[in-house]
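Structural overview for review
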Amino acid sequence: MRKNLIAGMVGAIMLFTTACDEQKFLNEVPLDFFSLENSYKTANDYERALTDLYARVREINFGIAENVNYFAHFQATDIAKHARGDADRFGDYNVWLVPTNNMVKYHWESWYKIISNSNTIISRIETSDIADTQKQNITGEAKFFRAYAYRYLVYLFGGVPLILEEVASPRTDLTRASREAVLQQIALDAEEASRSLPSINQVVDGKVSDLVAFHLLSETYITLGRYDDAIAAATKVINDPHVQLMKNRFGARVAETDKDVFWDLFQRGNQKRSAGNTETLWLARMEPDVPGGLLVSSGGSQNCLERYAVPAGWTLTDPDGKTGMNGQGMSDYNMGGRGVSFMMNTDYYLYDLWESDWNNDIRNASHNIVRDVKYTNRASVWYDSSAVKYPSQNGKLQPWRWYPWPSKATTPGDHPDELYADKANKILKATSGSTYRDMYILRLAETYLLRAEAYVLRGEKAQAANDVNQVRSRSKAKAITAGEVTLEFLLDERARELVYEEHRRITLHRMGVLVERVRKYNDLNQDDIKDFHNLWPIPNTDIEANKDAKIDQNPGYN
């Protein structure tokens, strides 16, 4: 995978930036550079093109553009809000969610780029000399990515243009397909992917398998109202002999006996199936210091969940108004790295979700949700005292300087050596901020909750409760009864289990409850969100460029 990633990134740059321009004035097949004519011949050529799709998905979800990934996925939902209360970084729907916003344009164009590159693979594979079995596998993988891209587009924007063929020249005559038609196409592509992709025990870490396609199928079938099919697809995943929930301690830090298996899931190196994690379905690989591996050990601005979601506790003064902290982030559960307080969880996530089972559910343990911070400046008379019990002066004025946070946002005690200014005292350099572990795209726990959703919608609440309790029992949470299972409860359980993993905005859009959930649980955005925000606006630039047909803007944005 590592070699493929490096080759794919280099190949992608050459393939997708030069080919179209060169094609305009060359009739012969070039021999000394990559073009569309010479780049889709061998199985390795197609593997490089597929690797580029993985890289693009990883970049959209975890890359450098801070205003378009984590904020798009989590901010201004029921689970998270802008910590500082500003209008930027999705702090205000009416300021941020507009047709000229760069985040909106980025997601529209980035997902369509994946569709475009997938279509090129699909269109050209038939004329290649590759064996039929390889053609089938490559086509299935490309169709999975096309389906995955349309998943984001349809839930964010509604019905969108369906483009299913390679586009050799600019098109200005696109029209919107219906939401139903897009969902049907996602199902068709995912069905073929489920038949063509290898089983999960045959793929390397980070590659999609048939089970990932079945998970996507289950979700899509639910949206289409095909609940029996959704249950069958999810059951294919859950019953596969090569996957199961992790219920016992595992990985590199099992010697830390005060922790638990849920904590283990988010420690460095523990996400890979090759490391024994049978719960992983699909990972975004992070390989520090490897070209194309996204992260560097000396710091940077990629995969910055730590930077965004962890509070800037290192800025606190003590109750006397004097310096309370040592002035740097620390690699421990006191500081959690070097956060800057851009994104904080709502009270709904931090408190409401846990009230009925506060002391039992290990997902609420102090090492999984950090709820206290101590002063670290040895010169302060308040050194080692709780800043929650004895509030900071500037923290009182600006509560964003510290707030409780889920420890899965970072890797306390396990930052790269290059990031320490003083490793003996766990003090980090200012360049800290990235989360240095592989990131889950799909975990088996989500499949259980997805099947439970289909059971609820089919009216089989006993089966739904059983699936939910499979997840809850691992976390030592109280079992629930059939009468307690509702769609709202499932959203609660998804938040408990999958916070900062599932793209919460997509889930809420998919279920059609974004607006009501924000109004109910997000005190910052409850007044600025409007009914029409259940869909995003289509970028004005793309509407205007489509001069030979009309792409209607979503209601409310005209």
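Above this text sits the structure in question.
Residues numbered from 1 in each chain as written. Predicted model: local features only at pLDDT ≥ 70, side-chain atom pairs only at ≥ 80, totals over all residues. Heavy atoms only, no water.

1. Let's talk about the nonpolar core
One broad rule of soluble globular proteins: the nonpolar side chains tend to lie buried together. Phe144 and Trp282 are the most contacted members of the largest nonpolar core, which has 150 residues in total. For this core, the leading source of residues is helix H6 (residues 132-157), giving 14 residues. Discounting residues that sit within four places of it in the chain, Phe144 has contacts with Ala193, Leu197, Val208, Val212, Ala213, Leu216 and Trp282. (Core = buried A, V, L, I, M, F, W, Y, C linked by side-chain atoms within 4.5 Å. Buried < 20%, exposed > 50% of the residue type's maximum accessible area, 1.4 Å probe, protein only. Helix = DSSP H or I, 4+ residues; strand = E, 2+ residues; numbered from the N terminus. Contact = heavy atoms within 4.5 Å.)

2. A short note on the packing of helix H9 (residues 227-238) against helix H14 (residues 444-458)
Between H9 and H14, the least distance of the axes is 9 Å, while the angle of their chain directions is 155 degrees. If you check the angle between H9 and H14, you find them roughly antiparallel. For the pair H9 and H14, the sense of crossing is left-handed. For the pair formed by H9 and H14, the contact residues are Tyr227, Asp228, Ala230, Ile231, Ala234, Thr235, Val237 and Ile238 on the first element and Leu444, Thr447, Tyr448, Arg451, Ala454, Tyr455, Leu457 and Arg458 on the second. Here the contact of H9 with H14 is composed, by residue class, of eleven nonpolar, two polar and three charged. (Axes fitted to C-alpha atoms, helices over the stretch in contact; angles between N-to-C directions. Parallel < 35°, antiparallel > 145°, perpendicular 65-115°, else oblique. Left-handed = near helix turned anticlockwise from the far one by under 90°. Nonpolar A, V, L, I, M, F, W, Y, C, P; charged D, E, K, R; others polar.)

3. Structural notes on the packing of helix H16 (residues 487-498) against helix H18 (residues 514-521)
Running from amino to carboxyl end, H16 crosses H18 at an angle of 70 degrees, the nearest separation of the two axes being 13 Å. With respect to each other, H16 and H18 are oriented roughly perpendicular. Both H16 and H18 take part in a crossing whose hand is right-handed. Seen from H16, the contacting residues are Glu488, Leu491 and Asp492; seen from H18, they are Arg517, Lys520 and Tyr521. Of the residues that constitute the contact of H16 with H18, the class distribution is two nonpolar, no polar and four charged.

4. Brief notes about the packing of aromatic side chains
Taken as a whole and judged by the stated rule, the model has 30 aromatic pairs. Measuring from ring centre to ring centre gives 5.0 Å for Phe71 and Tyr308, while their planes differ by 35 degrees; the resulting arrangement is tilted. On the criterion of sequence distance, the pair formed by Phe71 in helix H3 (residues 70-73) and Tyr308 in helix H11 (residues 305-309) is long-range, its members being 237 residues apart. Assessed through its relative accessible area of 0%, Phe71 is described here as buried. Judged by its relative accessible area of 1%, Tyr308 is buried. Each ring, one from Phe145 and one from Trp282, has its centre 6.2 Å from the other, and the planes form 80 degrees; the classification is edge-to-face. One end of the pair, Phe145, is in helix H6; the other, Trp282, is in strand S2 (residues 280-284), with 137 residues separating them in the sequence. Since its relative accessible area comes to 0%, Phe145 is described here as buried. With a relative accessible area of 2%, Trp282 lands in the buried category. Between the NZ or CZ atom of Arg84 and the centre of the ring of Trp400, over which it lies, the distance is 4.1 Å. If you follow Arg443 out to its NZ or CZ, it ends over the ring of Tyr440, 5.5 Å from the centre. (Phe/Tyr/Trp six-rings, centres within 6.5 Å; stacked < 30°, edge-to-face > 60°. Lys NZ or Arg CZ within 6 Å of the ring centre and 35° of its normal.)

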